[in-house]
Amino acid sequence: MELGRQPRIRVWAAAAVLAGVSLPSGCSSDAGSGAGGSAAAVGVPVVGVPVVQTGTGPADPAAAEAQIEKNWAALFDPKVTAEEKAGLVENGELLQPLLEGLAGRPGADKASAEVTEVVFTSPTEARVTYDLLVSGFPVLDGRTADVVLEDGVWKISTKSLCGLAELSGSSTSVPGC
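Things to note about the overall build of the protein chain
What the protein chain contains, in helices and strands, is five helices and five strands. In sequence order, the protein chain lays out its α and β elements as α-β-α-α-α-β-β-β-β-α. Considering only intrachain contacts with a sequence separation of at least 6, the fraction spanning at least 24 residues in the protein chain is 68%.

Structure below.
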């Protein structure tokens, strides 16, 4: 039946993009908090997504959600340099080699992400639900990741970026993961 093939095709397409990026894996921890750069969020259009607050959230959830969405999109934007992306990732200075590898790989310019929900779990942490897209088409729906507020910037957590690296299937360890 054709419906059964659709999810499998999406998984293979996502794996192909991630494998084409050739990310090392072996990430298993957050590696603590480091002093990452404080790059400004990149000018990516913001589209409203559901914001859910559990416990105590940030003082301005709408502004936090807008920054989270912009920064998440920038992580996959081929026009954003690896150095700028490092400022949008927790412990980004340690993960810059990984981000540089992402920037120059074939197929990386076709990948993007779209945030579909933000759930604040504290004033400095949130869980993001997003879709991974290839050439604008969803290949992995409903993925989750964590973001943290560090130096006044909402950043993709080290653990979440390392989780993306694990999807590549490589057995090499990434410094910082």
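Structural notes on the environment of Val134
Mapped onto the fold, Val134 is located in strand 3 (residues 125-134). Looking at Val134, the relative accessible area reads 16%, which means it is buried.

Describing the environment of Ala66
Here Ala66 shows up in helix 2 (residues 61-76). The sequence separation of Ala66 and Val118 amounts to 52 residues, and the corresponding C-alpha distance is 9.8 Å.

Quick word on the packing of aromatic side chains
Following the criterion strictly, the structure yields three aromatic pairs and no others. Summarising the aromatic geometry, the rings of Trp72 and Tyr130 are spaced 4.8 Å apart at their centres and angled 55° between planes, so their arrangement reads as tilted. Taken together, the residues Trp72 in helix 2 and Tyr130 in strand 3 connect sequence positions 58 residues apart. Each member of the pair, Trp72 together with Tyr130, is buried.

Considering the pattern of salt bridges
Two side chains that carry opposite charge are able to pair once their charged atoms sit near each other. Going through the model one piece at a time under the given rule, you end up with three salt bridges. Of the charged contacts, one joins Asp146 and Arg127 as a salt bridge, the two residues approaching to 2.7 Å between their closest N and O atoms. Here Asp146, found in strand 4 (residues 137-150), pairs with Arg127, found in strand 3; they are 19 residues apart in sequence, far enough to count as distant. Residue class for Arg127 comes out partly exposed when judged on its relative accessible area of 36%.

Observations regarding helix 2
In this model helix 2 runs 23 Å from its N-terminal to its C-terminal C-alpha over 16 residues, within 8% of the 22 Å that 1.5 Å per residue would give. Restricting attention to buried positions, one finds in helix 2 the residues Ala64, Glu65, Ile68, Glu69, Asn71, Trp72, Ala73, Ala74, Leu75 and Phe76.

A closer look at the nonpolar core
Soluble globular proteins tend to pack their nonpolar side chains together in the buried interior. If you look at the biggest cluster of nonpolar residues, it comprises 31 residues, and the most contacted ones within it are Ile68, Trp72, Leu75, Phe76 and Leu161. Every residue in contact with Ile68, bar those within four places of it in the chain, is listed here: Val118, Phe120, Ala126, Val128, Val147 and Trp154.

Describing the pairing of strand 5 (residues 153-156)
Across the two faces of strand 5 the burial is the same, with Val153 and Lys155 and Trp154 and Ile156 all buried. Hairpin connection between strand 4 and strand 5: a loop of two residues separates the two successive antiparallel strands, and Asp151 in this loop has a positive phi of roughly 55°.

Some details on the pairing of strand 2 (residues 111-122)
Judged from the 10 bridges that link them, strand 2 and strand 3 form a sheet pairing that is antiparallel. In the strand pairing of strand 3, Val118 is matched with Val128. Linkage of strand 2 to strand 3, two consecutive antiparallel strands, is achieved through a turn of two residues.

Considerations on the confidence of the model for the protein chain
With 62% of its residues at a pLDDT of 70 or more, the protein chain shows a mean pLDDT of 73. Confidence scores differ between elements of the protein chain, with helix 1 (residues 2-21) showing the lowest mean pLDDT of 42 and strand 5 the highest of 96. This model gives residues 1-48 a pLDDT under 50, and the stretch forms 106 contacts once residues within four places in sequence are excluded.

Re the side chain of Asp131
Along the chain, Asp131 falls in strand 3. The exposure class assigned to Asp131 is buried, which follows from its relative accessible area of 15%. Here Gly142 takes part through its backbone nitrogen, which lies 2.9 Å from a polar atom of the side chain of Asp131. Residues contacting Asp131, with those up to four places away along its chain left out, are Ser112, Ala113, Glu114, Thr116, Leu140, Asp141 and Gly142.

Conventions and cut-offs
Each chain has its residues counted from 1, following the order in which its sequence is written. At least 70 in pLDDT is required for a residue's local features to be given in this predicted model, at least 80 for side-chain atom pairs to be given and counted, and no such filter applies to totals for whole chains, interfaces and linings, which use all residues. Neither water nor hydrogens contribute to the side-chain values; these are computed over all heavy atoms in the structure. What counts as a helix is a DSSP run of H or I of at least four residues, what counts as a strand is a run of E of at least two, and both are numbered from the N terminus. Should any heavy atoms of two residues lie within 4.5 Å, those residues are counted as being in contact. Only protein chains enter the accessibility calculation, which uses a 1.4 Å probe; a residue whose area is less than 20% of its type maximum is buried, one above 50% is exposed, and one in between is partly exposed. Pairing of aromatic rings covers Phe, Tyr and Trp, the last counted by its six-membered ring, and requires centre-to-centre distances within 6.5 Å; plane angles under 30 degrees mean stacked, over 60 mean edge-to-face, and any other angle means tilted. A pair is scored as a salt bridge if a Lys or Arg side-chain nitrogen falls within 4 Å of a carboxyl oxygen belonging to Asp or Glu. In this scheme, a helix's expected span is set at 1.5 Å multiplied by one less than its residue total. Side-chain atoms within 4.5 Å link the members of a nonpolar core, which is a set of buried Ala, Val, Leu, Ile, Met, Phe, Trp, Tyr and Cys residues. Between any two strands, pairing holds if DSSP finds at least two bridges. Values of pLDDT, ranging from 0 to 100, describe the predictor's confidence in every residue of the model. Within 3.5 Å is the distance limit for a polar contact, defined as a pair of N or O atoms, with the added protein rule that one can donate a hydrogen and the other accept it, and that residues adjacent in sequence qualify only through two side-chain atoms.

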